Amino acid sequence: IPEASPAPNDPNNPSTAANVALPTRNDFFSRPRLTISRWPTFTDTSVMYHATEQLAMNRMAFRYVPAGVSPPGSALPCRTIESLPTSYRVSWEDRSSFVKVTPDGLGLIGERGFRSARCNAPVREGKWYMEVRVEDGGGDRSTHAPDINMRQGSHVRLGWARREAPLNGPVGLDAYSYGYRDNGDKVYLSRPRPCGRSFRSGDVIGMYISLPPRCKPDPRDSHDPAHIRRERIPIEFKGQEYFESLEYPQSKEMTTLMDFSNKSSNTASLPSASSNKKAASTKNLPERGARPGQVPEAPVLRPLPTLSGSHIAFFVNGECQDIAFEDLFDYLPLRTTPASRKKEKDKKRAREGAPREHKENPFDDGTLGYYPFISLFNYARVRLNPGPNFDFPPPPDIDSVLKNTDHNVNQAQTWRPICERYPEFMKEQWDLDDQEEEEAALDAAKRAEVEKIEAQKKVQREKSRQQTEARKRAKKNAELRGSSVASAHGSTTEHAAPSGDRLGSSVLIASTSQATERGMDQIHSPAPTAASSGDLNHVPEAESGYNSEVIEGDGEEEQHDGFAAAVGHHDDDDDDDDEAFREAASPYRKSRTQNNSSSVMDIDLEDLL
């Protein structure tokens, strides 16, 4: 088994040229088995911030994770691998393409418009802390801006966001993220609220989050979103393997929170009341198929669960700004409805036999949670500090400070630096890889068993089919032979029997009919004729048993019908005629001697006479 090859920019790799070229796609398993992703590479050392265009970056509702070829004999083709540096930093793939980064993944710079980036590991439970140093922000002009005549300065927003939060917008834009602006406002659902002090270039912002223990899935409920299942497909992009998956879509229940009409009118962030005149827009157009005056039914919305006891707080140069947000929304996807499950089942049935396609994942894939979310505007610059050494270390028990309760300075630390989250997260991903490998091996064994049974059934069906065809052929051949024999017998019978209404034909037909009805051993010969009733030198074998009996006399046989007597007492003048008659009858007597039990005459009586 070849050893796993490192990434091309790994300092421990003596030869990088062999890792760049990949074999053909048809020879997938002959590729180098990487444990570190090939990208990104930073060859231009004269530039501080890089775009990393060679990466597959998350966009268009798709998400990408680096992958490597599995070892030989594996049931799955790929496994999860890391990217350099193997530490907590900004994600190379999970950021806007307009946000450039430093090679260590800790320095970021934006461009025009708000663009955001997520870090490379989520927070799913526990208490975590990190710092962000603002290098250009707070309305100051950026020192790295290409245009010195920019009318607006650079701005920074920091916070925590879920996977569904868009990257091409600022933190706090919708219900999926909670943000803190550089003017001191907290922002959620695009509604700013006063929170704490402002910050600008040179300040250090502390970000703290506390989440309750993760909810365990119910083993009896197969539709519980807390079950961990991954829906991803391995692909290749620019010589590197990736896992591609659909990003979690925003639910209508969460997007409905953005509707200002559902909020109370005393909220200061609401827009001013509109006039009675409605603007011409597509929202004011009547729905297709709706009757005039008909009020459309409101969609049935699922409840939005929250994480009880969760909260977010910010620090400015070590000064706590109190709790900004609490009871955060749960990061798990909402529970699917029976209608949506039926629809997905119909889609799955329609996809049977087709190549594997992406589908929405209604379960936790192990990457859900709250990520540090950095939003930059107008070439703003920041630098992350995941710990463990902070510029302004927070107190050991942050929660006691937030709740204004007594706390001991010598108390054990209750929070953890977020740099410790990365190795935990990667271990979770590799454990899921092992679990999926075992499941895939079991599925492969089951499929092999099913295929074996199906092959045996196929052989049995083929054998049965061959036997059935053999029986059909035998039956057909027997029918053909029977018809041939019948045809041959019929032609022989017609050839043996002469035509006409002669006496011999009548005798032959009559005797044959009797032989059929009685059997050949019990058939009497026909009635005496001139050819069979004479003395004929008293040949016993030629006697007829048809209505005749033997009468003893002077050594001569007498017949009751008198015909034989008339024949026997002939004159001497007829000796010549008698001699001719005997000669003619001798063949008949010979035949009767050989076939004593048969009454069928083999010669025509007319020929004898």
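Overview of the structure. Counting restarts for each chain: residues are numbered from 1 in the order of the written sequence. Side-chain atom pairs in this predicted model are given and counted only at pLDDT of 80 or more, local residue features only at pLDDT of at least 70, and totals for whole chains, interfaces and linings cover all residues. Hydrogens and water are ignored here; the side-chain numbers use all heavy atoms of the structure.

### Here's the deal with the overall build of the protein
Rules: Per the convention used, a helix needs a DSSP run of H or I reaching at least four residues, while a strand needs a run of E reaching at least two, with both numbered from the N terminus. The cut-offs for exposure are 20% and 50% of the maximum accessible area for each residue type, with area from a 1.4 Å probe on protein chains only; residues under the lower value are buried, those over the upper are exposed, and the others partly exposed. Working rule for contacts: check all heavy atoms of both residues, and any pair within 4.5 Å makes them a contact.
Per the secondary structure count, the protein includes nine helices and 19 strands. Sorting the 609 residues of the protein into buried and exposed places 37% on the buried side. Of all intrachain contacts in the protein linking residues separated by at least 6 positions in sequence, the fraction that spans at least 24 positions is 71%.

### A few points about the nonpolar core
Cut-off, in case you're wondering: Put simply, buried Ala, Val, Leu, Ile, Met, Phe, Trp, Tyr and Cys residues joined by side-chain atoms within 4.5 Å make one nonpolar core.
Residues Leu-108, Ile-209 and Tyr-370 are the most contacted members of the largest nonpolar core, which totals 65 residues. Of all hydrophobic cores here, the second largest spans nine residues; its members include Tyr-208, Cys-320, Phe-390 and Trp-415.

### Thoughts on the sheet that holds strand 1 (residues 62-69)
We apply this condition: Note: two strands are recorded as paired if DSSP finds a minimum of 2 bridges between them. Lines are fitted to the C-alpha atoms to define the axes, a helix being fitted only along its stretch in contact, and any angle between axes, read from their N-to-C directions, falls within 0 to 180 degrees.
In space, the four strands of this open sheet follow the order 2-1-14-13, with antiparallel pairing throughout. Each end of this open sheet is capped by a strand with a single partner; those strands are strand 2 (78-80) and strand 13 (233-237). If you compare each strand with its neighbour and ignore which way they point, the axes differ by 50 degrees on average. Bridge count between strand 1 and strand 2: three bridges; the pairing is antiparallel. Bridge assignment links Gly-68 to a residue of strand 2, and that residue is Arg-79.

### Section: the pairing of strand 1
Counting buried positions over the eight residues of strand 1 gives six, a clear majority of the element. Bridge analysis of strand 1 against strand 14 (residues 240-246) gives five bridges, and the strand direction is antiparallel. Across the sheet, Phe-62 pairs through a bridge with Leu-246, a residue of strand 14.

### Quick notes on the pairing of strand 18 (residues 381-385)
For strand 18, the buried fraction is high: four of the five residues fall into the buried class. For strand 5 (residues 107-109) and strand 18, the ladder comprises three bridges, and the chain directions are antiparallel. Within strand 18, the position partnered with Ile-109 by the bridge is Arg-381. For strand 7 (residues 126-136) and strand 18, the ladder comprises five bridges, and the chain directions are antiparallel. Residue Val-134 lies in a different strand from strand 18, and its bridge partner there is Val-382.

### Quick notes on the side chain of Asp-182
So the rule is basically this: Within this scheme the basic residues Lys and Arg register as positive and the acidic residues Asp and Glu register as negative, but His and the chain ends are omitted. What makes a salt bridge here is a side-chain nitrogen of Lys or Arg within 4 Å of a carboxyl oxygen of Asp or Glu, nothing more. Whenever two N or O atoms come within 3.5 Å, that pair is a polar contact, provided that in protein one can donate a hydrogen and the other can accept it, and provided that, for residues adjacent in sequence, both atoms are side-chain atoms.
With respect to the helices, strands and loops of the structure, Asp-182 is situated in the loop between strand 9 (177-181) and strand 10 (185-188). We note that Asp-182 is buried and unpaired, the nearest opposite charge coming from Arg-181 at a distance of 5.7 Å. Separated by 3.1 Å, the side chains of Asp-182 and His-155 make a polar contact. Within the local environment of Asp-182, its side chain forms a polar contact with the backbone nitrogen of Val-156, the two atoms lying 3.1 Å apart. Contact partners of Asp-182, with chain neighbours within four places excluded, come to Gly-137, Gly-138, Gly-139, Ser-154, His-155, Val-156, Ser-198 and Phe-199.

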